[in-house]
Amino acid sequence: QVQLVESGGGLVQAGGSLRLSCAASGRTFSSYGMGWFRQAPGKEREFVAAITWKGGSTAYADSVKGRFTISRDNAKNTVYLQMNSLKPEDTAVYHCAASRLGAVVTTNMGRYDYWGQGTQVTVSS
């Protein structure tokens, strides 16, 4: 069992930056692949970024490529999402998720086993 708690969301102006954190419980965090997803009002949840268990491989949605960076610190049981050059269309609830498929990067929501409650990110124009 893995419990995930996100933090770092908030209100920021367009062009600004935020860093989201996702703290995980459990001794096996380092064996999980991790991902970030987001859901805007009235829209389906969508993939944002993912990272393998050792951090050797990452993947990004085209809409955030070059602006967002996913990273992890297995010693701290934490995964991060650095978000730069934020746009109003980035406004959403951001969720982190853990996948037992730790060695591969996966963008498929169905392959994630544990989810956090989410943190709100609001970007004003």
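The coordinates are above.
Residues numbered from 1 in each chain as written. Predicted model: local features only at pLDDT ≥ 70, side-chain atom pairs only at ≥ 80, totals over all residues. Heavy atoms only, no water.

Peer 1: Mind laying out the side chain of His95, listing which residues take part and the relevant values?
Peer 2: By secondary structure assignment, the location of His95 is in strand E9 (residues 92–99). Within polar-contact distance, the side chain of His95 engages the side chain of Arg45 at 3.4 Å. Not counting residues up to four positions away in its chain, the partners in contact with His95 are Glu6, Gly35, Trp36, Phe37, Arg45, Trp115, Gly116, Gln117 and Gly118. (Helix = DSSP H or I, 4+ residues; strand = E, 2+ residues; numbered from the N terminus. Polar contact = N/O pair within 3.5 Å; in protein donor to acceptor, adjacent residues only side chain to side chain. Contact = heavy atoms within 4.5 Å.)

Peer 1: With reference to specific residues and values, describe the state of the cysteines.
Peer 2: Per the stated rule, a full pass over the model turns up 1 disulfide. There is a disulfide in this structure between Cys22 and Cys96, and the S-S distance comes to 1.9 Å. Disulfide Cys22 to Cys96: torsion about the S-S bond roughly 50 degrees, handedness right-handed. Of the two residues, Cys22 is situated in strand E3 (residues 18–24) and Cys96 in strand E9; the sequence distance between them amounts to 74 residues. Taken as a pair, Cys22 and Cys96 share a single burial class, namely buried. (Disulfide = S-S within 2.5 Å. Buried < 20%, exposed > 50% of the residue type's maximum accessible area, 1.4 Å probe, protein only.)

Peer 1: Break down the pattern of salt bridges for me, with residues and values.
Peer 2: Scanning the entire structure with this criterion turns up 5 salt bridges. Note that Arg38 is salt-bridged to Glu46, the shortest N-O span being 2.6 Å. Classification of Glu46 by relative accessible area gives partly exposed; the value is 35%. The closest approach of N and O atoms between Lys65 and Asp62, which form a salt bridge, is 3.2 Å. Like Asp62, Lys65 is exposed. Via salt bridges that share partners, Arg38, Glu46, Arg67 and Asp90 belong to a single interconnected network. (Salt bridge = Lys/Arg side-chain N within 4 Å of Asp/Glu carboxyl O.)

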